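Given next are the chains, with one letter for each unit.
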Amino acid sequence: MISKLSITALATTALVGLASAAAAQDCPIKVGVLHSLSGTMAISETTLKDTMLMLIEKQNAAGGVLGCQLEAVVKDPASDWPLFAEKARELISNDGVDVTFGSWTSSSRKAVLPILEELNALYFYPVQYEGEESSRNVFYTGAAPNQQAIPAVDYFLEELGVEKFALLGTDYVYPRTTNRILESYLKEKGIAAEDIFVNYTPFGQSDWATIVADVVALGADGKQVGVISTINGDANIGFYKELAAANVSADDIPVVAFSVGEEELSGLDTSNLVGHLAAWNYFMTADTPANAEFIEAWHAFIGDDKRVTNDPMEAHYIGFNMWVNAVEAAGTTDVDAVREAMWGQEFPNLTGGTAVMGTNHHLSKPVLIGEIRADGQFDIISQTEPVEGDAWTDFLPESAVLTSDWKDLGCGMYNTQTETCVQMKSNY
């Protein structure tokens, strides 16, 4: 009897010891996923939620992180910017996530920023954006303007001989700020102000007849017109349909889009869109072993060989793997320790080469121009060497004097002329 009691006591002690060890490691490690699964942005963001679930499942199969399994905590902010802030606070304060991956629009990211900085939480943002920001709590794995918008304009000027520009965007911060940068850049390149047409439309815009007619009229004098599109969400469907209805081909008026990739085109008849362009850092057609493996894993996870991949998916793939490596290097999920371990992190791009995380919290990535094919995929017609992401543009006077360096300067908005940190918190 005594022997049996002793054995039972030892077993109980061992179980308590194992439970205490797990508690010390704070398992599971919780990963917030903050993407719109309903509303106008669901067309783009639902896939990013699925991408995160795939990456987390794969990491768990490989043993997790720091000996812990990862647990995804998914929230749907429903394409509502204030709701992004509310859901972010829930994730951090109530659910106790160690990191969050989320957002598509800059409006949603900026809604989340004050929460991140107040609570000192870590956030990975996977989509191209307007720059003019560098938060100590955010790692920007999508393109800054110098990694997408500026190279796309250069392609129009140098390769297609575009002389007049229509800057068409959805009415929120990303298109407006990007187009301010592009207007300044175009004027510096000798394009007259009257040859730049700027127009903004609401999210979900469906009637494009008047706007397309205005763009066509811009070329009435015989000059080559090109469209720079920062249209977001399902409004792209109506825009491209109207182009086709107006018999506007890529030869007539080429369009280069910054928010249209494989996912957005998968719901369209692209036969009339052949030749139009997009600028990203990744296309599904990239011919590398790493990309083939990624696509195979995606199809297996989602259970549909027809599902496409796109640029923000690669950005989440790079950002997530860098975060895993940074946590392992730091030996903890502590935000400050992981932030420091992120500086200089390297991870292979799916298009070849290596992405590197700068101390300004932006990646170095190649710039790709893709041409739409009849099957909704892109032929890659131009690819640069890796370009370092610039948080502050050189083409707005107030920004040209600013730099970001969280490692040595400890500041995301450092004035190089006055040699002072302008402010620590971001502009919301």
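For the structure itself, look to the data block above.
Quantities reported herein were computed from a predicted structural model and do not represent experimental measurements.

**Some remarks on unusual backbone geometry**
And step 1. Put simply, C27 and P28 share a cis peptide bond, and its omega is -5°.
And step 2. Mapped onto the elements, P28 comes out in the loop between α1 (2-24) and β1 (29-34).

**Brief notes about the nonpolar core**
And step 1. Of all hydrophobic cores here, the largest spans 93 residues; its most connected members are F239, Y240, F320 and W323.
And step 2. For this core, the element with the most residues is helix α11 (residues 311-330), which contributes nine residues.
And step 3. Not counting chain neighbours up to four residues away, the residues in contact with F239 comprise L168, W208, V212, V227, I231 and V255.

**Comments concerning the sheet that holds strand β6 (residues 164-170)**
And step 1. Pairing is mixed across the open sheet formed by seven strands, whose spatial order is β7-β6-β8-β9-β10-β14-β15. Pairing within the sheet leaves two strands with one partner each, and these edge strands are β7 (196-201) and β15 (378-383). The average angle at which neighbouring strand axes cross in this sheet is 25°, direction not considered.
And step 2. Across four bridges, the pairing between strand β10 (residues 277-280) and strand β14 (residues 368-372) is antiparallel. Bridge pairing in β14 links L277 to E371.
And step 3. Running at roughly 170° to strand β8 (residues 225-230), helix α5 (residues 149-158) makes contact with β6, β8, β9 (255-257), β10, β14 and β15 of the sheet.

**What to know about helix α3 (residues 81-94)**
And step 1. Compared with an ideal rise of 1.5 Å per residue, which puts 14 residues at 20 Å, α3 spans 20 Å between its outermost C-alpha atoms and is within 8% of the ideal.
And step 2. Listed in full, the buried residues belonging to α3 are W81, F84, A85, K87, A88, E90, L91 and I92.
And step 3. Buried residues along α3 sit against β1, α2 (42-61), β2 (70-75), β3 (99-102) and α4 (106-119).
And step 4. The distance from a side-chain oxygen at the start of α3 to the backbone nitrogen of L83 is 2.9 Å, and the residue carrying that oxygen is D80.
And step 5. Immediately downstream of α3, the backbone of G96 shows phi near 65°, a positive value.

Parameters at a glance
- Chains are numbered independently. Their residues run from 1 in the order of the written sequence.
- Local features are withheld for residues below a pLDDT of 70 in this predicted model, meaning they are given only at 70 or higher, and side-chain atom pairs are given and counted only at 80 or more; totals for whole chains, interfaces and linings count all residues.
- Think of the side-chain values as coming from all heavy atoms in the structure, minus any hydrogens and water.
- Only DSSP runs of H or I with at least four residues qualify as helices, and only runs of E with at least two residues qualify as strands; both kinds are numbered from the N terminus onward.
- Here the nonpolar core consists of buried residues drawn from Ala, Val, Leu, Ile, Met, Phe, Trp, Tyr and Cys, with membership extended through side-chain atoms lying within 4.5 Å.
- To sort residues, take the accessible area from a 1.4 Å probe on protein chains only and compare it with the maximum for the residue type: under 20% means buried, over 50% means exposed, and anything in between is partly exposed.
- Contact between two residues is taken to exist if any of their heavy atoms lie within 4.5 Å; hydrogens are not considered.
- Criterion used throughout: strands pair if DSSP finds at least two bridges between them.
- Working convention: axes come from line fits to C-alpha atoms, limited for helices to the stretch in contact. Angles between N-to-C directions cover 0 to 180 degrees.
- Under the convention used throughout, the expected extent of a helix is 1.5 Å for every residue step, that is, one less than its residue count.
- As used in this structure description, the phrase polar contact means that two N or O atoms lie within 3.5 Å; if the pair is within protein, one of them must be able to donate a hydrogen and the other to accept it, and residues adjacent in sequence are counted only when both atoms belong to side chains.

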